[in-house]
Amino acid sequence: MRKILAIVLTVFISSVCLAQAQTAEEKGLEIAREADRRGEGFGDYEASMKMVLSSRRGDRSERDLRVRTLEGKDGEGDKGLTIFDTPADVRGTALLSWSHADRDDDQWLYLPALKRVKTIASRSQSGAFMGSEFAFEDMRAQEVDKYTYKYLRDEPCGELTCFVFERYPQDKYSGYTRQVVWMDQAEYRVHKIDYYDRKQSLLKTLSVSEHSQYLERFWQPGRMEMVNHQTGKTTELLWSDYQFNTGLSESDFTQNSLMRAR
Amino acid sequence: MRWRLLAIGLGLLTDNVPALAWEWRGEVGLEGRYFTAGPGAEGYWHNSSAYLQGQLLHEWNDRRDLFTFTPFFRVDENDPERTHGDIRELIWIHVADQWESRIGIGKVFWGVTEGRHLVDIINQTDAVEQQDMESKLGQPMINLSMVRSWGTLDFYVLPGFRQRTYAGVDGRPSLPLPVEADAARYASSAEENRIDGAVRWQHMFGSLQLALSHFSGTGREPLLFIRFPELQYEPYYPVIEQSGIELQYLLGGWLFKAEAIRRSGNRFEGAMRAADVGFEFTQPGLWGTGMDMGWIVEYLWEDRDDPFASALSSDVLLGNRLTFNDIASTELLWGLIWDPDTGERIYTLESSRRFGSQWRATLEGQFYSRVGRSPLSLVADEDLIQLEVIRYF
């Protein structure tokens, strides 16, 4: 409540002040906060995801995953559980993550053959998720405070107009120096992100499409495509079966719950 | 005991008739071993073996109840003792808001280190399976797990003891004399029917994970006495008290780990202490590639004086884990366990990759060097290379 009040005040104050008085950094942050605010209150959801990996030579490989997410309360970050269904040799493997706004995320991987829960070192978060072009850090909840921002310009994107802004990861172990985000002004949905690596060269581009609205409020992407410009490899995420308010609770996001993820 | 638990499990299942997902999974593995140091006393260079493991799963009551049945069977070319079956799991898990119960036959892993799993004690080792001793026999249990703000507290009642499996005289590697399981002796007058107990508390303090545990019951690690004139080993299972501590601290790419135990109660040995302390450091995106390199360094220590009681009284483990992050999920792990006092070395290599979406192949090796007067002398000439192909269905 206090957070919402603060945001309302921020929006109020920023609209009272003359537009010229707002710096590009403030405007970038304001956009990120507004996008975050619009995503608030979803409670929980479950979804299925198909991951399609393609190499430069055209080799293809598919993975099927299920994702469960619980919205964080009282300033806590979201919690997520990802369960692997295919390929068969990783079936039953599950990843639990607790995101935190103010410190490194906690992540645990469950290996079903050994019944062992292993902690993932936070530096590994720039590492590839399941051999895909998505890093662990691309898959986690994008908390506002994990970045600083800078608004660049408005630009048409399809039939809509997008804000174009940069965000700079605060995590020193991030694989990126900056990300350029295209977000539409109508619904604050991400359409595209350019990722720049530690050497400041363009590493990857994410294209997000087929957004659908759930509970007459929340927009979720149906298709995400990540292209790695340096390796030519591509990963597509195809989302389906979104279900909101399925009754997930904290007990579904513990190390115990990893051991019974199926 | 086993059948009664099955009956309970099935009774619970039939209560909720709506045909919710019953799911069968399975895997078949074909394994070939080649002994590089020669045919040995057993007189063969290579050995083949195959295993079949099924898994029946059922979830109901909005995932609050879960049933798992995992039978396992292996056949071995040369060793009738390695030809064996086991119920790895036959367990019903029930989840409530602040606690969870797990009743049946199951497997539990405790611990954080890589070199030795000291604290891990709930399940008996299925020692005929693999050299790494990570295969476990299913353990009958009633486990109550409480998840609270002050941590996770697990209580275990463990009815029914499982004897350690041993390779037969024709197996490689094996002991020089047969282990006669039927002649096993126990410190407990209830023998294998003693009901053991264990408790473990685990909590996160920021980046520090702490676990304390205690086990009271028949020890999983037997002493082997030579019986004359039969010339066979007879296992003796003491009743022990074992307290354990596990620590893990996460700092950037560093994962500091420690495990230690104190074990007492064995009337043939004094109390023993053992520890495994070290770290794992991960470098993501090694040399600008998508590969991750992990560095594993651990120090293994224990205070048992008898060099024959343990080969790992003061040893160093060095290892690297290379994760290729490719479509085939290729992995490479090599390790060296080195005893600075005696110069003994054990080299291990494990690599694996996926083929298609249903196959996986692993290539492993284990080599011994400069083995002196220690338990390792039994396996000094058992250097091996192993290829396993697994098909999942």
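Look up a bit, the structure's there.
Nothing here was measured: the structure is a model prediction, and the numbers come from that model.

Quick look at the interface of chain B and chain A
Then comes step 1: In this complex, chain B contributes 48 residues to the contact, which on the side of chain A involves 38 residues.
Then comes step 2: Three residues stand out in chain B for area buried against chain A, namely Arg25, Arg63 and Ile327 of chain B, and they jointly supply 17% of the buried area on that side.
Then comes step 3: Viewed at the interface, chain A and chain B are joined by eight salt bridges.
Then comes step 4: The shortest N-O distance in the salt bridge between Arg116 of chain A and Glu114 of chain B comes to 3.0 Å.

Brief notes about a nonpolar patch on the surface
Residue and element names in this part refer to chain B.
Then comes step 1: Side chains of Tyr34, Trp45, Phe355, Trp359, Leu363, Ile385, Leu387 and Val389 sit close together on the surface and give an oily, nonpolar patch of about 710 Å² of accessible area.
Then comes step 2: Counting residues per element, the ones that place at least two in the nonpolar patch are strand 20 (359-369) and strand 21 (384-392).
Then comes step 3: Looking at the element boundaries, Phe355 is found in strand 19 (residues 345-355).
Then comes step 4: Note on Phe355: relative accessible area 40%, which makes it partly exposed.

Examining the side chain of Thr362 of chain B
All names here are of chain B.
Then comes step 1: When you line up the elements, Thr362 lands in strand 20.
Then comes step 2: Exposure remark for Thr362: the relative accessible area of 14% places this residue in the buried category.
Then comes step 3: Beyond its immediate sequence surroundings of up to four residues, Thr362 is in contact with Ser351, Ser352, Gln386, Leu387 and Glu388.

What about the state of the cysteines?
Residue and element names in this part refer to chain A.
Then comes step 1: According to the stated counting rule, one finds one disulfide over all chains in the structure shown.
Then comes step 2: Between the sulfur atoms of Cys157 and its disulfide partner Cys162 the distance amounts to 2.0 Å. For the disulfide bridge between Cys157 and Cys162, the dihedral angle about the S-S bond is near 80°, and by the sign convention the bridge is right-handed.
Then comes step 3: Residue classification places Cys157 among the buried positions, given a relative accessible area of 15%.
Then comes step 4: Residue Cys162 is classed as buried on the basis of its relative accessible area, which comes to 0%.

Conventions adopted
- Residues numbered from 1 in each chain as written.
- Chains lettered and ligands numbered in written order.
- Predicted model: local features only at pLDDT ≥ 70, side-chain atom pairs only at ≥ 80, totals over all residues.
- Heavy atoms only, no water.
- Contact = heavy atoms within 4.5 Å.
- Buried area = accessible area lost by both parts, 1.4 Å probe.
- Salt bridge = Lys/Arg side-chain N within 4 Å of Asp/Glu carboxyl O.
- Patch = residues over 30% accessible without salt bridge, like charges linked within 9 Å, V, L, I, M, F, W, Y side chains within 5 Å.
- Areas by Shrake-Rupley, 256 points an atom, 1.4 Å probe, with all protein chains shown as cover.
- Helix = DSSP H or I, 4+ residues; strand = E, 2+ residues; numbered from the N terminus.
- Buried < 20%, exposed > 50% of the residue type's maximum accessible area, 1.4 Å probe, protein only.
- Disulfide = S-S within 2.5 Å.

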